[in-house]
Amino acid sequence: MTPVIRIDNLTVAYNRHPAIHHVSGAFAKGSLTAIAGPNGAGKSTLLKAIMGELRPVEGRVEHRLGRAEFGYLPQAAEIDRRFPISVIDTVMLGAWKTAGAFGRIAPGEMKRAGEALSAVGLDGFGKRHVGSLSAGQFQRVLFARLLLQDAGIILLDEPFAAIDARTTRDLIDIVSRWHGEGRTVIAVLHDFELVRAHFPETLLLARELVGWGPTADVMSSANLLKARAMAERWDEDAEACGPVQAPAA
Ligand SMILES: Nc1ncnc2c1ncn2[C@@H]1O[C@H](COP(=O)(O)OP(=O)(O)OP(=O)(O)O)[C@@H](O)[C@H]1O
């Protein structure tokens, strides 16, 4: 295995309370990994630490990748869709890597944005305001933006939450295509059926690491029980840890 991201004894805290604690391991280049675990297990925190958005209080995330190599889909709840922006302009935000000085759009990017919208089944939606879309349509737009960004590492936070079965199927097809193209995909998921059906690797988290490896091994009944017990124990016992965390520069 060729590791593309190594995690070494990683602890991330909010106001000195650890959200994830002493996590170590590595993501192989081209792997497709689910991050699973109970509510509050630290899944989103781990994703943000991998991106460099949160700074560890202990340990480190190691890679040799620039910011442009990371494509990120935040949780839907973190996005304000009242911002007055069209569908096509939202997709074009994925082209920032190739945008010139003062955000000038490189020739051909508009065409690629249209193609990305087609690929997610949203032909003809370009001029619509994002606030007018259904949750599933908006998620398709965010996938189109990732298609345009063309990143080597794709981080998805609950990409299939609150969307219907057909949209989920279509978006899983895109995830599988990214995997087939050799990209490294890491997705936070709460739906264990989806994890078992579509994700070869799983990182099971309950603030501490419960297991990390082939999904069939990691998602055992014993590990899931352990994860639940660990999460409940942490809720009661979470202690202050390390210095106050500063936001990443
Ligand atoms: N900005 C923040 N400030 C303070 N505490 C936070 C912040 N973000 C998350 N936390 C806390 O850190 C812990 C881990 O949160 P995180 O969102 O990473 O978990 P999660 O596994 O993604 O949860 P869920 O499945 O509910 O989305 C939780 O106890 C949460 O309340």
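Residues numbered from 1 in each chain as written. Predicted model: local features only at pLDDT ≥ 70, side-chain atom pairs only at ≥ 80, totals over all residues.

Taking an unreviewed UniProt entry as the reference, the chain is identified by name as Zinc/manganese transport system ATP-binding protein belonging to Rhizobium leguminosarum. The record held by UniProt for the chain lists under Sequence similarities (unreviewed entry) the comment "Belongs to the ABC transporter superfamily." (UniProt positions renumbered as here; feature names shortened; annotations may be inferred.)

I would appreciate a short explanation of the pairing of strand 6 (residues 153-157) in the present structure.
Counting buried positions along strand 6 gives five out of five residues, so the element sits mostly inside the fold. Of the two faces of strand 6, the one holding Ile-153, Leu-155 and Asp-157 and the one holding Ile-154 and Leu-156 are both buried throughout. Pairing geometry for strand 5 (residues 70-73) and strand 6, over four bridges, is parallel. What sits directly across from Leu-73, in strand 6, is Leu-156. Taken together, the five bridges between strand 6 and strand 7 (residues 184-188) define a ladder with parallel strand orientation. Its bridge partner being in strand 7, Ile-153 is matched across the sheet by Thr-184. Handedness of the crossover is the feature at issue here: the chain leaves strand 6, passes through helix 5 (residues 165-180), returns alongside strand 7, and the resulting connection is right-handed. (Buried ≥ 20, exposed ≤ 12 C-beta atoms within 10 Å, placed from the backbone. Helix = DSSP H or I, 4+ residues; strand = E, 2+ residues; numbered from the N terminus. Pairing = 2+ DSSP bridges. Right-handed = clockwise from strand over helix to strand, strands pointing away.)

Would you explain the confidence of the model for the chain in this entry?
Detail in the predicted coordinates should be disregarded across regions flagged by low pLDDT. Residues of the chain with pLDDT of at least 70 account for 89%, and the chain-wide mean is 89. Counted against residues more than four places away or in other chains, residues 243-247, with its pLDDT under 50, gives eight contacts. (pLDDT = per-residue confidence, 0-100. Contact = placed C-beta atoms within 7 Å.)

Explain the nonpolar core to me, please; I cannot follow it from the model alone.
Nonpolar side chains in soluble globular proteins tend to be buried together. One finds Ile-35, Val-91, Ala-144 and Leu-205 to be the most contacted residues of the largest nonpolar core, which totals 68 residues. If you tally residues by element for this core, the top one is helix 4 (residues 135-149), at eight residues. Aside from chain neighbours lying at most four places away, what touches Val-91 is Ala-113, Ala-116, Leu-117, Val-141, Ala-144, Arg-145 and Leu-148. (Core = buried A, V, L, I, M, F, W, Y, C linked by C-beta atoms within 7 Å.)

Explain the environment of Arg-16 to me, please; I cannot follow it from the model alone.
Assignment of secondary structure puts Arg-16 in the loop between strand 1 (3-14) and strand 2 (17-28). According to the C-beta neighbour criterion, Arg-16 is partly exposed, with 14 such atoms within 10 Å.

What is the right way to read the site of the ligand from this model?
Inspection of the region around the ligand gives Tyr-14, Ala-19, Gly-37, Asn-39, Gly-40, Ala-41, Gly-42, Lys-43, Ser-44, Thr-45 and His-190 as its neighbouring residues. If one sorts the elements of the shell around the ligand by residue count, helix 1 (residues 43-51) sits on top with three residues. When the residues that make up the shell around the ligand are grouped by side-chain class, the tally is three nonpolar, seven polar and one charged. (Near = placed C-beta within 6 Å. Nonpolar A, V, L, I, M, F, W, Y, C, P; charged D, E, K, R; others polar.)

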